[in-house]
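What follows is each chain in one-letter form.
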Amino acid sequence: MRFSTLKLEAAAVLAAALLAACGGGGDSSASSGSSSTNSSGSSSSRSSATSVPTTSSSGSSDVVLLAPAATATTLPSASGNATTDGIAWLNAVRQNVGLATLPTDAGLAAASLDHATYLVDNQTYGHTEVSGNTGYTGASPFDRIQAEGSYSMMGEVVVAGQPAAFNDSLSPVETLFDAPFHRIVMLDDFTLMGVGSMQNASWEAFNIDFGSKGADTMSVTTLVAYPYSGQQGVPTSWFSNEDPNPFASQPTYENTTVGYPVTIQSAFGTTLSSLNFTITSASGASVSCLPQTPQTTPSELSNAAMCVPYTALASGTTYTVQVTGVLTDSSSKTYSINVAWTFTTAASGIAHSAVQSTQSRPLPKF
């Protein structure tokens, strides 16, 4: 509900006829050019799960982190079916974070498969379709999803490319999730999803359409963080080729290996501002990261924010993240944010198959 234009090359969230939140869409966005970890910002997400107070390192906080699952669900292994794996993997991650899992909706599944098929038939990528092209079912995600049913909120994430760009059937969903603008959409408080994948000898596409029917469930004073509190085996790095790219203001970092992105998001309809990210290792060393917020990247972020380290994190290391700032709800009431949590990177530095390398295989296209 922030934008009336559809700016989509990677992900989008739509409400009624308006773009409610854009996570990874459109042209490369303007962003902070400073290497400072200070920022102001916001994003979007919500859940029906219980939240608990965080261990803030100083001061007080009106806002709490969503409590992750008491016992982490093991992520699935690749089965050879990208659609099946995408559903299982994303729901396992959402459950671990503390969000509700998403049942498959027939209408969203149909819209998603239609778009994946269009991308493969035309060997292209992104969210838009061109009338007259093979497999055309609607110019925008809004058109395609609305044709399948009535949804109060809608979103889409999509990735495509040569089959060799994807290491296995889990790579498409992992690739989307590692990219922070896309991850924000995937961790939003939707109630339904539909996954579609298609492949031929020359091209592969993977698409997830999200939708909601009914009332929002996430508290306005709850934040979703990823990596989540206490998470183990977090990747140390990410190949920065997302569109829009978080390093658009510092292009020397585009298409290079950087640190694994940290994201936070709040309920739809809220705004985050005056944010400050601090990431430190167990030894107390500060990790420099580039923040993106609704203030630095207003065309892409509404109630979410991120900070992406400039260099890879150390393997087998515990990091502490602290975020301070202000959350404003739809009635302009403000809440203080002062939350802190820890996560630990994988011992090998690689936690799953989606780590991209220009030397090992072609890059996927967002």
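Residues numbered from 1 in each chain as written. Predicted model: local features only at pLDDT ≥ 70, side-chain atom pairs only at ≥ 80, totals over all residues. Heavy atoms only, no water.

Chemist: Explain the nonpolar core here, please?
Modeler: Proteins that are soluble and globular tend to have nonpolar side chains buried together. Residues Val97, Phe177, Met186, Ile208, Phe210, Ile264 and Trp341 are the most contacted members of the largest nonpolar core, which totals 71 residues. Ignoring sequence-local partners within four residues, the contact set of Ile208 consists of Leu90, Ser112, Gly155, Glu156, Val157, Val173, Met186, Met193, Gly194 and Val195. Core analysis: the next-biggest nonpolar cluster, separate from the first, contains eight residues, Ala116, Val120, Trp203 and Ala205 among them. (Core = buried A, V, L, I, M, F, W, Y, C linked by side-chain atoms within 4.5 Å. Buried < 20%, exposed > 50% of the residue type's maximum accessible area, 1.4 Å probe, protein only. Contact = heavy atoms within 4.5 Å.)

Chemist: What's the story with the environment of Pro235 in this structure? I'm lost.
Modeler: Along the polypeptide, Pro235 turns up in the loop between β8 (231–234) and β9 (237–239). Given a relative accessible area of 5%, Pro235 falls into the buried group. Sequence spacing of Pro235 and Leu313 is 78 residues, and the spatial spacing of their C-alpha atoms is 8.3 Å. (Helix = DSSP H or I, 4+ residues; strand = E, 2+ residues; numbered from the N terminus.)

Chemist: Looking at this structure, I do not really get the sheet that holds β8. What am I missing?
Modeler: Within a sheet, neighbouring strands are paired by backbone hydrogen bonds and run either parallel or antiparallel to one another. Read across the sheet, five strands follow the order β8-β17-β16-β12-β13 without closing on themselves; strand pairing throughout is mixed. In this open sheet, the two strands that pair with only one neighbour each are β8 and β13 (286–287). In this structure, β8 lies alongside strand β17 (residues 334–345), joined through two bridges in parallel fashion. Bridge pairing in β17 links Val234 to Thr345. (Pairing = 2+ DSSP bridges.)

Chemist: Please explain the environment of Phe206 as it appears in this structure.
Modeler: Here Phe206 shows up in strand β6 (residues 204–212). Given a relative accessible area of 1%, Phe206 falls into the buried group. Along the chain, Phe206 and Leu113 lie 93 residues apart, while their C-alpha atoms are 8.4 Å from each other. Beyond its immediate stretch of four places on either side in the chain, Phe206 contacts Ala82, Gly86, Val157, Val158, Val159, Pro172, Val173, Leu176, Val195, Gly196 and Ser197.

Chemist: I'm lost on the state of the cysteines in this one. Help?
Modeler: By definition, a disulfide links two cysteine residues through a covalent bond between their sulfur atoms. A complete count under the given rule lists one disulfide for this structure. Disulfide pairing is shown between Cys289 and Cys307; the S-S distance is 2.2 Å. Given an S-S torsion of about 85°, the disulfide between Cys289 and Cys307 has right-handed geometry. Of this pair, Cys289 sits in strand β14 (residues 289–292) while Cys307 sits in strand β15 (residues 304–309), placing them 18 residues apart in sequence. The class of Cys289 is buried, set by a relative accessible area of 0%. Since its relative accessible area comes to 0%, Cys307 is described here as buried. (Disulfide = S-S within 2.5 Å.)

Chemist: Explain helix α1 (residues 82–97) to me, please; I cannot follow it from the model alone.
Modeler: Turn by turn, an α-helix covers 3.6 residues, leaving residues three or four places apart pointing in a common direction. With 16 residues, α1 ought to run about 22 Å at 1.5 Å a step, and its terminal C-alpha atoms sit 22 Å apart, in line with that. Of all the positions in α1, only Ala82, Asp85, Gly86, Trp89, Leu90, Asn91, Ala92, Val93, Arg94, Asn96 and Val97 are classed as buried. Packed against the buried residues of α1 are α4 (171–178), α5 (180–186), β5 (192–199), β6 and β7 (222–226). Measuring from the backbone nitrogen of Thr83 back to the side-chain oxygen at the start of α1 gives 3.0 Å, which picks out Asn81 as the cap. Looking one or two residues beyond α1, the residue adopting positive phi is Gly98, at roughly 110°. (Expected span 1.5 Å × (residues − 1). Polar contact = N/O pair within 3.5 Å; in protein donor to acceptor, adjacent residues only side chain to side chain.)

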